[in-house]
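Chain and residue survey
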Amino acid sequence: MFNRHSIKIPVFNALVLLVCLFGFYERANAQDGLMPLVQSVRVGEHPKYTRFVMEISDEVGYKITTLSDPYRVVVDFPEMGWQLPKGFNPRMYGSLSGFRYGLFKTGTSRIVLDAKSPVSIKNTMMLSPRGRVKNWRFVMDLVPTSRANFLAQMKPAEYPAQAKKNVKATAVQTASVQQARVPAMLPPVKPQKKSKHVVVVDAGHGGVDPGASGVSGAYEKHITLAMARQLRDALNRTGRYKVVLTRDRDVFIPLRERIAIARRAGADLFLSLHADTFRDRKVRGASVYTLSERASDKEAQALAERENKADLIAGVDLSSTSDDLSFILLDMAQRDTKNQSSRFAETVVRDLSRSSKVLRNPHRFAGFAVLKAPDVPAVLIELGFLSNKHDERALRSKKHRAKLAEAIKTSINRYFNRIEEANRS
Ligand SMILES: [Zn+2]
């Protein structure tokens, strides 16, 4: 099961401990689409281990992956509903420093646990309801270990088999869970005859990657999706565009897949929507970013680095992806795309400044991975800062978002007017 290659280079692999509960699939189907519900999550510190407990309305199978740099424990479940309070953030103890949850892809819900230091999985259990506890409980015990041991967890001997009679534990390995690996230089998949301009609107983050969280608890992923839908509706009303959203629900989409969606749709323009935070809570206003190998300023560089971590935050194993997006450099073919992106960004900045606050030097540039389609003009719009209470309140308001949507729509109209004029002359 483990080839020699993977044992020699353990860092390039991730251990997947696959625990199949017999009968799960049959029962899930019999439920006729009724999803198991997660009802509570807690972390407890015991003298010798850190215990993670998740209560679920039903018995589910699960798959555990460990990832290094940074240390993460990723557990995948079948798609579940989450009945946790809004902005839920359990206290972290012991070895754990962070917890995220959400839809990883259709059919798969995921939790990601950040570990401060290397941990090993001492024990995992799915306990049936008992006594006053009406739910099933997924229990995982973690103990501190050395980095060498963490990396060596891929050896099946490190994991004791489950004792439960109806549980079959097997260790398998996976090269990568990354979906949709699209060579960046693939020729465009554009349909020959198009009556409408194709605009792809990308709601940043989603699912297990919540993005930034605001001063009063708003999640970036919810604001970007609400904004994307309003912009789509505004564009559809013009009758000029075919609008494609990279996501229309609260689900994680890898950065590479966002680009692939744009290219498959034959995008003429790509807009990625975000609303991040800044350490200085007084800073507010929208800003527009285009792709560049060299960042315009320190803040833009830091922002791109944060945004490029989305896959890592969602627990995607990038270690075996040799063509990691962050290393793709611009080539000559991209220069024209880059110029068009910049022209569009300038237009957006002008139109946005008429209806809302914009940052000083509002057009900035940096190495955003999501803007790296070589043949699609692309901008990333930071709608405002969730770290600023005025911006956060505004972005939560449908009326304010409608104003932003109108401004961006005006820019898109101007951009394509110019292209149509150039084509006529
Ligand atoms: Zn973002």
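The structure contained in this document is the topic of the report that follows. (Residues numbered from 1 in each chain as written. Predicted model: local features only at pLDDT ≥ 70, side-chain atom pairs only at ≥ 80, totals over all residues. Heavy atoms only, no water.)

1. As for helix 4 (residues 220-238)
Note the threshold: Under the DSSP-based scheme used, a helix requires at least four consecutive residues in state H or I and a strand at least two consecutive residues in state E, with every element numbered from the N terminus. In this scheme, a helix's expected span is set at 1.5 Å multiplied by one less than its residue total. Relative accessible area decides the class of each residue, using a 1.4 Å probe on protein chains only: under 20% of the type maximum gives buried, over 50% gives exposed, and in between gives partly exposed. Throughout, a contact is declared for two residues whenever any of their heavy atoms are within 4.5 Å.
Compared with an ideal rise of 1.5 Å per residue, which puts 19 residues at 27 Å, helix 4 spans 28 Å between its outermost C-alpha atoms and is within 8% of the ideal. For helix 4, the set of buried residues is E220, K221, I223, T224, L225, M227, A228, Q230, L231, A234 and L235. Packed against the buried residues of helix 4 are strand 12 (197-203), strand 13 (241-245), strand 14 (269-274), helix 6 (298-307), helix 9 (389-396) and helix 10 (398-424). Immediately downstream of helix 4, the backbone of G239 shows phi near 75°, a positive value.

2. Points about the packing of aromatic side chains
Here is the rule we go by: The criterion for an aromatic pair is that two Phe, Tyr or Trp rings (for Trp, the six-membered ring) have centres within 6.5 Å, with stacked assigned to planes under 30 degrees apart, edge-to-face to planes over 60 apart and tilted to the rest.
Within this structure, the stated rule accounts for 14 aromatic pairs. With centroids separated by 6.1 Å and ring planes inclined at 55°, the aromatic side chains of F278 and F385 adopt a geometry described as tilted. Note that F278 is positioned in the loop between strand 14 and strand 15 (286-291) and F385 in the loop between strand 17 (378-382) and helix 9, a separation of 107 residues in sequence. On the basis of relative accessibility, which here comes to 21%, the residue F278 falls in the partly exposed class.

3. Remarks on empty space enclosed by the protein
So the rule is basically this: In the cavity and pocket records, a cavity denotes points on a 1 Å grid over the protein atoms alone where a 1.4 Å probe fits but cannot get out, a pocket denotes an open set with protein on both sides within 12 Å along at least 5 of 7 lines, and lining residues are residues with an atom within 4 Å of a point. Grid points are joined across faces, edges and corners, and a volume is the space filled by probe spheres set on the points. Side-chain classes are defined by residue name, with Ala, Val, Leu, Ile, Met, Phe, Trp, Tyr, Cys and Pro counting as nonpolar, Asp, Glu, Lys and Arg as charged, and the others, Gly among them, as polar.
All told, the structure shown has five cavities of 30 Å³ or more when counted by the stated rule. In this structure, the largest cavity occupies an estimated 100 Å³ of space. Lining the largest cavity are eleven residues, and of these L291, T337, K338, S341 and L371 lie nearest its centre. Broken down by element, the residue count for the lining of the largest cavity peaks at four residues, all from helix 8 (residues 334-355). Here the lining of the largest cavity is built from residues that sort into seven nonpolar, three polar and one charged. Together, 15 residues line the second largest cavity, and L255, H274, E307, A310 and V370 are the ones closest to its centre. Of all the elements in the fold, those that place two or more residues in the lining of the second largest cavity are helix 5 (255-264) and strand 14. A breakdown of the residues in the lining of the second largest cavity according to their chemical character gives six nonpolar, five polar and four charged.

4. Let's talk about the coordination of the zinc ion
Heads up, the rule is: Note on donors: an N, O or S atom is included if it sits within 2.8 Å of the metal, or within 3.2 Å for Na, K and Ca, and water is never included, so sites can look incomplete. Labels for metal geometry use angle windows, namely 85 to 135 degrees for all angles of a four-donor tetrahedral site, and for square planar (four donors) or octahedral (six donors) sites opposite donors over 155 degrees apart plus all others within 65 to 115; sites meeting none of these are irregular.
Surrounding the zinc ion are the protein donor atoms H205 (NE2), E220 (OE), H274 (ND1), D276 (OD), E307 (OE) and E307 (OE), at 2.1 to 2.7 Å. Bound by six donor atoms, the zinc ion shows angles of 53 to 175° at the metal and therefore irregular coordination geometry.

5. Some words on the pairing of strand 13
Operational definition: A pair of strands is considered paired only if DSSP assigns at least 2 bridges between the two. Look down the strands so they point away from you; if the path from the first strand over the helix to the second goes clockwise, the crossover is right-handed.
Counting buried positions along strand 13 gives four out of five residues, so the element sits mostly inside the fold. Pairing geometry for strand 12 and strand 13, over five bridges, is parallel. Pairing of V198 across the sheet is with K242, part of strand 13. On the question of chirality, the crossover connecting strand 12 to the parallel strand 13 by way of helix 4 is right-handed.

6. Concerning the environment of A226
Tracing the backbone shows A226 in helix 4. Taking the relative accessible area as the measure of exposure, A226 reaches 21% and is therefore partly exposed. For the pair A226 and D248, spaced 22 residues apart in the sequence, the C-alpha separation amounts to 9.2 Å.

7. Quick notes on the pattern of salt bridges
Keep this limit in mind: Here a salt bridge means any side-chain nitrogen of Lys or Arg lying within 4 Å of a carboxyl oxygen belonging to Asp or Glu.
A full pass over the atoms with the stated rule returns 19 salt bridges. Across the pair D76 and R110 runs a salt bridge, and its minimum N-O distance is 2.7 Å. With a gap of 34 residues between them, D76 in strand 5 (residues 72-78) and R110 in strand 8 (residues 108-115) connect regions that are remote in the sequence. Given a relative accessible area of 9%, D76 falls into the buried group. Looking at R110, the relative accessible area reads 1%, which means it is buried. Within the structure, one salt-bridge network assembled from shared partners comprises R229, R232, D233 and D248.

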